[in-house]
Amino acid sequence: MPWDESGELAEELFRASIADQVAQDLRHLYVFGTAGEGYAVDERRFDQVVDVFADESRRHGVDPMVGLISPSLPVVIGRIERCVARGIRSFQLSLPSWGALNDVELATFFAQTCGRFPEAEFLHYNLVRSGRILTPDDYATLAAAHPNLVAVKHTRADYATVHGLFAKAPALRHFFTEATYSYASLVGPAAFLVSIASVRPQLAREYFDAGVARDTDALLATCAQLLELSGELRRAVGPGPHMDGAFDKIFAKVRDPRFPLALLPPYQGASDAAYEAFRAALAQRHADWLERP
Ligand SMILES: N[C@@H](CC=O)C(=O)O
């Protein structure tokens, strides 16, 4: 999300970034993951971003997905209600994170979201920050209870977990980020959650297609490049910024140099120097990953 100097949505830049992604054939878009600062927005900004996102997505024929991150279940329910009133049907759920949910609390959370809104579809965002990583067995139970839980976004999964997900929760679509996608796509119907590869969407698409075609050589070669890119990014940003948005906004700025790097307070964004260092690394050592003029 691009914020202006007073922390308000930079609407024109936001609309331009949606249009850019759609033009690059990235059509499954969401707002308010970690990178989109779903944990940091107040209700006013939540509604404003949703309105702009839904409007611009629909202009391009894209179905908008909205992420929900809050330690308060009533806040999550209220956000779903307001989105449903705006015709939004796709949601991305994260577990409340103030304390890790136990099994009873987990069942209540899904009953009060998936169960309460049967007309909507839900993707679960499985991440350490939420305090509890759900397992293949958890997903088997939840998918059986909630047919409108349709997908999961995995931020990390070892090989045993990847196999377990495809075996125990095959009704769900499992999205993996760059490093895990290479392996997961060889052993099951993996979906690809584009992160650092977003600097060059065309190559992200080719990586996804290599997985669909089970082209091991292409997958491993691109995976190695993407791991190198991640190393360049970590070196460029250095210690300090730690929220996904600090990194993802650098990707957005590679696509559009006007894109601001600031995160909503109190979180620390990456610096312009970090962006310049990453861009220089791309130009010098990974030129394929820079859009050709
Ligand atoms: N940064 C992504 C997740 C991982 O790639 C997000 O915020 O959704």
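Residues numbered from 1 in each chain as written. Predicted model: local features only at pLDDT ≥ 70, side-chain atom pairs only at ≥ 80, totals over all residues. Heavy atoms only, no water.

On a plain count of helices and strands, the protein chain comes out with 11 helices and 7 strands. For the protein chain, whose C-alpha radius of gyration is 19 Å, the value lies close to the compact-globule estimate of 19 Å for 293 residues. Each principal axis of the C-alpha distribution contributes one length, and for the protein chain these read about 50 × 45 × 40 Å. Every one of the 293 residues in the protein chain was classed for burial, and the buried ones make up 52%. Nonlocal contacts in the protein chain, meaning residues at least 24 apart in sequence, comprise 64% of its contacts between residues at least 6 apart. (Helix = DSSP H or I, 4+ residues; strand = E, 2+ residues; numbered from the N terminus. Rg over C-alpha atoms; globule rule 2.2 N^0.38 Å. Buried < 20%, exposed > 50% of the residue type's maximum accessible area, 1.4 Å probe, protein only. Contact = heavy atoms within 4.5 Å.)

Our focus in this paragraph is the layout of surface pockets. Computed from the structure, the second largest pocket encloses a volume of approximately 300 Å³. If you go around the second largest pocket, you meet 17 residues; those closest to its centre are Tyr-39, Ile-69, Ser-97, Met-243 and Tyr-267. When its residues are assigned to classes, the lining of the second largest pocket shows 11 nonpolar, 5 polar and 1 charged. (1 Å grid on protein atoms, 1.4 Å probe; cavity = no way out; pocket = protein on both sides within 12 Å on 5 of 7 lines; lining within 4 Å. Points joined across faces, edges and corners; volume = space filled by probe spheres on them. Nonpolar A, V, L, I, M, F, W, Y, C, P; charged D, E, K, R; others polar.)

We now examine the sheet that holds strand β4 (residues 121-126). Read across the open sheet, the 7 strands follow the order β1-β2-β3-β4-β5-β6-β7; overall the sheet is parallel. A strand with exactly one partner marks an edge of an open sheet, and here the two such strands are β1 (30-31) and β7 (191-192). Bridge count for strand β3 (residues 90-93) against β4 is 4 bridges, and the pairing is parallel. Paired with Gln-92 across the strands is Leu-123, a residue of β4. Across the sheet, helix α7 (residues 178-187) is in contact with β6 (173-176) and β7; its angle to β6 comes to roughly 135°. (Pairing = 2+ DSSP bridges. Axes fitted to C-alpha atoms, helices over the stretch in contact; angles between N-to-C directions.)

Turning to the site of the ligand, a few remarks are in order. Close to the ligand lie Tyr-30, Gly-33, Thr-34, Ala-35, Tyr-125, Lys-153, Thr-177, Leu-193, Ser-195, Asp-244 and Asp-248. Contacts to the ligand include Lys-153, whose side-chain N or O atom sits 2.5 Å from an oxygen atom. Note that a nitrogen atom of the ligand is positioned 3.0 Å from one of the side-chain N or O atoms of Asp-244. When the free accessible area of the ligand is taken as 260 Å², the share hidden by the protein chains comes to 91%. Its residues assigned to classes, the shell around the ligand comprises 4 nonpolar, 4 polar and 3 charged. (Near = heavy atom within 4 Å. Polar contact = N/O pair within 3.5 Å; in protein donor to acceptor, adjacent residues only side chain to side chain. Areas by Shrake-Rupley, 256 points an atom, 1.4 Å probe, with all protein chains shown as cover.)

Inspection of helix α4 (residues 103-115) places Leu-106, Phe-109, Phe-110, Thr-113 and Cys-114 among the buried residues, and these make up the whole buried set. Down the axis of α4, the buried side of the element spans an arc of 95°, and every buried residue falls inside it. Buried-residue contacts for α4 involve α3 (73-85), β3, β4, α5 (136-145) and β5 (149-154). With a side-chain oxygen positioned 3.0 Å from the backbone nitrogen of Val-104, the residue opening α4 is Asn-102. (Arc of directions from axis to C-beta.)

Moving on, we get to unusual backbone geometry. Omega for the bond connecting Pro-265 with Pro-266 falls within 30 degrees of zero, at 10°, which places this linkage in the cis form. Relative to the assigned elements, Pro-266 resides in the loop between α10 (244-255) and α11 (272-285). Here the phi dihedral of Phe-32 falls at roughly 70°; this positive angle occurs in a residue that is not glycine. Mapping Phe-32 onto the fold places it in the loop between β1 and α2 (43-59). Residues other than glycine seldom take positive phi values, yet Glu-37 does so here, at roughly 55°.

In total, this model carries 11 aromatic pairs according to the counting rule given. For the pair Phe-166 and Phe-176, a centre-to-centre distance of 6.1 Å together with 70° between the ring planes defines the contact as edge-to-face. Taken together, the residues span a long stretch of sequence, with Phe-166 in helix α6 (residues 159-168) and Phe-176 in strand β6 at a distance of 10 residues. With relative accessibility at 14%, the residue Phe-166 sits in the buried group. Judged by its relative accessible area of 0%, Phe-176 is buried. Residues Tyr-181 and Tyr-207 carry aromatic rings whose centres are separated by 5.4 Å and whose planes lie at 65° to one another, so their mutual orientation is edge-to-face. Placement of the pair is Tyr-181 in helix α7 and Tyr-207 in helix α8 (residues 201-212), with a sequence separation of 26 residues. Feature note: the residues Tyr-181, Phe-192, Tyr-207 and Phe-208 constitute an aromatic cluster, connected by ring pairs. (Phe/Tyr/Trp six-rings, centres within 6.5 Å; stacked < 30°, edge-to-face > 60°.)

This part covers the nonpolar core. Most often, soluble globular proteins have nonpolar side chains that are buried together. Within the largest apolar cluster, 84 residues are counted, with the highest numbers of intra-cluster contacts made by Phe-91 and Phe-110. With 7 residues, the top contributor of residues to this core is helix α9 (residues 216-237). The contacts of Phe-110, once residues within four sequence positions are left out, are Leu-93, Leu-95, Gly-115, His-124, Leu-134, Leu-142, His-146 and Leu-149. (Core = buried A, V, L, I, M, F, W, Y, C linked by side-chain atoms within 4.5 Å.)

Let's shift gears to the side chain of His-154. Structurally, His-154 can be placed in strand β5. Among the residues examined, His-154 registers a relative accessible area of 2% and is labelled buried. Reaching out from His-154, the side chain makes a polar contact with the side chain of His-174 at a distance of 2.9 Å. Each residue touching His-154, except ones within four places of it in the same chain, is listed here: Asn-126, Tyr-139, Leu-165, His-174, Phe-175, Phe-176 and Thr-177.

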